[in-house]
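Fold and geometry: a report
The lines below spell out each chain.
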Amino acid sequence: MIVENTQTQMRKGILEFCILAIISRGEIYASDIIGELKKAKLLVVEGTLYPLLTRLKNNGLLSYNWKESTSGPPRKYYQITESGLEVLRALNKTWEELTYAVETSTESTKI
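Note that the structure is a prediction, hence the values are computed from the model and not measured.

Turning next to the side chain of Ser69. Residue placement: Ser69 occurs in strand E2 (residues 62-69). Within the structure, Ser69 has its side chain in polar contact with the backbone nitrogen of Ser71 (distance 3.1 Å).

Another point: the side chain of Gln79. Mapped onto the elements of the fold, Gln79 is located in strand E3 (residues 72-80). With near-sequence residues (within four places) excluded, Gln79 lies in contact with Ile23, Glu27, Leu61, Leu62, Ser63, Tyr64 and Asn65.

Judged by nonpolar contacts, the single largest core of 22 residues is most densely connected at Ile19, Ile23, Ile33, Leu37, Leu49, Leu53 and Leu62. Residue assignment for this core shows that the elements contributing at least two residues are helix H1 (2-24), helix H2 (30-39), helix H3 (46-58) and E3. In terms of residues, this core owes the most to one element, H1, which gives six residues. Discounting residues that sit within four places of it in the chain, Leu49 has contacts with Ile19, Ala30, Ile33, Ile34 and Val44.

This part takes up the packing of aromatic side chains. With the rule as written, the count across this model stands at four aromatic pairs. Their ring planes at 35° and their centres at 5.5 Å tell us that Tyr29 and Tyr77 sit as a pair that is tilted. Remark: Tyr77 occurs in strand E3 and Tyr29 occurs in strand E1 (residues 28-29); sequence separation between them is 48 residues. You'll find Tyr29 and Tyr77 in the same group, each marked buried. By way of ring pairs, the aromatic residues Tyr64, Trp66 and Tyr78 are connected into one cluster. We note Arg75 situated over the ring of Tyr29; from NZ or CZ to the ring centre the distance is 4.5 Å. One residue, Lys76, lies across the ring of Tyr64, its end atom 4.3 Å from the ring centre.

Parameters and conventions
Residues numbered from 1 in each chain as written. Predicted model: local features only at pLDDT ≥ 70, side-chain atom pairs only at ≥ 80, totals over all residues. Heavy atoms only, no water. Helix = DSSP H or I, 4+ residues; strand = E, 2+ residues; numbered from the N terminus. Polar contact = N/O pair within 3.5 Å; in protein donor to acceptor, adjacent residues only side chain to side chain. Contact = heavy atoms within 4.5 Å. Core = buried A, V, L, I, M, F, W, Y, C linked by side-chain atoms within 4.5 Å. Buried < 20%, exposed > 50% of the residue type's maximum accessible area, 1.4 Å probe, protein only. Phe/Tyr/Trp six-rings, centres within 6.5 Å; stacked < 30°, edge-to-face > 60°. Lys NZ or Arg CZ within 6 Å of the ring centre and 35° of its normal.

Here it is, written out as structure tokens:
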């Protein structure tokens, strides 16, 4: 149970970073974000993603626009803002520092 809890917390901690990185590649629909996260083995459900997207949007890191769909109602497509890119750059720097710290701390570990 302790391992599972720690793994869950680690995944939650990097989810915003990964979402911003995915959206920074270009305009994207929410279900495609979920697909990208699943491909990366970060399993996320809509009930987790949509509140996170709303929070990122409310913080000025994302914007969206509506596009007509050929198979149903209009769809909301997300894009990253300049503020979002600044946050993404800062998170990327932090990620590099963290991966260095983890690799350095664990390089001689017998596991």
